[in-house]
Amino acid sequence: MKKRIALVCALLATSPAATQTPTTQPSGYGSPIAVNEALALIRRGMEKSAAKGLKMAFAVVEPSGELVAFARMDDVPYASIRLAQQKARTSARLRIATAAMEERVQGGRTVLLSSDEVIAIGGGVPIIVNGRVVGALGVSGGTAVEDAEIAASTVASP
């Protein structure tokens with residue numbers, strides 16, 4: 001029985017669906033992001049969203065998905081608090097942007113929604129240092145596209 005399970009796992013790992021990972025897939029997890037770096041990231045995100053007239057919530061988590069820092073702008077919908085944290089958690093634990101998860105679900109991979117590890121709404125992006133995930137940023141308050149744009153540009157900019 002164990003041999004059959006191993007064979008099935010090997011076949012699944014080599015199937016086309018399993019090998020369609022982005023070329024920028026992180027190689028693993030690194031040391032968690034420091035709180036001062038997380039707070040600087042949040043400040044940068046708040047500046048970017050304010051410049052676009054958006055009010056957002058920001059969550060930074062470590063690779064495990066546990067919260068390192070959080071802030072929200074005035075008048076952000078209360079639901080955005082939890083959504084920002086969920087997006088960050090999903091992105092860190094699965095090492096993928098939640099916008100990519102959203103695309104997969106829209107493409108028919110609805111089975112992804114059966115896991116509480118997944119929120120398939122754009123706005124969560126992994127924070128990658130030297131090819132390793134050190135945390136993730138989750139943003140909520142705008143549309144999924146706006147959230148994803150602010151999150152990605154915040155993590156990408158110095």
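Now for a look at the structure at hand. (Residues numbered from 1 in each chain as written. Predicted model: local features only at pLDDT ≥ 70, side-chain atom pairs only at ≥ 80, totals over all residues. Heavy atoms only, no water.)

**With respect to the side chain of Ser 157**
Among the secondary structure elements, Ser 157 is positioned in the segment after α5 (144-156). Setting aside residues no more than four positions away along its own chain, Ser 157 makes contact with Arg 44 and Lys 48. (Helix = DSSP H or I, 4+ residues; strand = E, 2+ residues; numbered from the N terminus. Contact = heavy atoms within 4.5 Å.)

**Topic: the pairing of strand β4 (residues 124-129)**
Bridge analysis of β4 against strand β5 (residues 132-140) gives six bridges, and the strand direction is antiparallel. Its bridge partner lying in β5, Pro 126 is registered against Ala 136. Counting the residues in the hairpin turn of β4 and β5 gives two residues, including Asn 130, whose phi is positive at 55 degrees. (Pairing = 2+ DSSP bridges.)

**Some thoughts on the pairing of β5**
Here β5 lies mainly inside the structure; eight of its nine residues are buried. Pairing geometry for strand β2 (residues 57-61) and β5, over five bridges, is antiparallel. The partner of Val 61 across the bridge, within β5, is Ala 136. (Buried < 20%, exposed > 50% of the residue type's maximum accessible area, 1.4 Å probe, protein only.)

**With respect to helix α3 (residues 79-94)**
An α-helical turn contains 3.6 residues, so any two residues separated by three or four positions project in the same direction. In this model, α3 (16 residues) spans 22 Å end to end at C-alpha, consistent with the 22 Å of a helix rising 1.5 Å per residue. Those residues of α3 not exposed but buried are Ser 80, Ala 84, Lys 87, Ala 88, Thr 90, Ser 91 and Ala 92. Buried-residue contacts for α3 involve β1 (28-29), β2, α4 (98-106), β4, β5 and α5. (Expected span 1.5 Å × (residues − 1).)

**With respect to the nonpolar core**
Among the nonpolar cores identified, the biggest contains 26 residues, and Phe 58, Val 60, Leu 137 and Val 139 are the most heavily contacted of them. Taken together, the elements giving at least two residues each to this core come down to α2 (35-51), β2, β3 (67-72), α3, β4, β5 and α5. With five residues, β2 is the largest single contributor of residues to this core. Once residues lying within four places of it in the same chain are set aside, the contact partners of Leu 137 are Leu 41, Phe 58, Ala 59, Val 60, Ala 88, Gly 123, Gly 124, Val 125, Ile 127, Ala 151, Thr 154 and Val 155. In terms of nonpolar packing, the next biggest core, distinct from the first, is built from six residues, Ile 96, Met 101, Leu 112 and Ala 120 among them. (Core = buried A, V, L, I, M, F, W, Y, C linked by side-chain atoms within 4.5 Å.)

**Side note on unusual backbone geometry**
Although it is not a glycine, Asp 75 adopts a positive phi angle of roughly 65 degrees. Structurally, Asp 75 can be placed in the loop between β3 and α3. Residue classification places Asp 75 among the exposed residues on the basis of a relative accessible area of 65%. Despite not being glycine, Arg 95 shows a phi value in the positive range, around 60 degrees. In this fold, Arg 95 is placed in the loop between α3 and α4.

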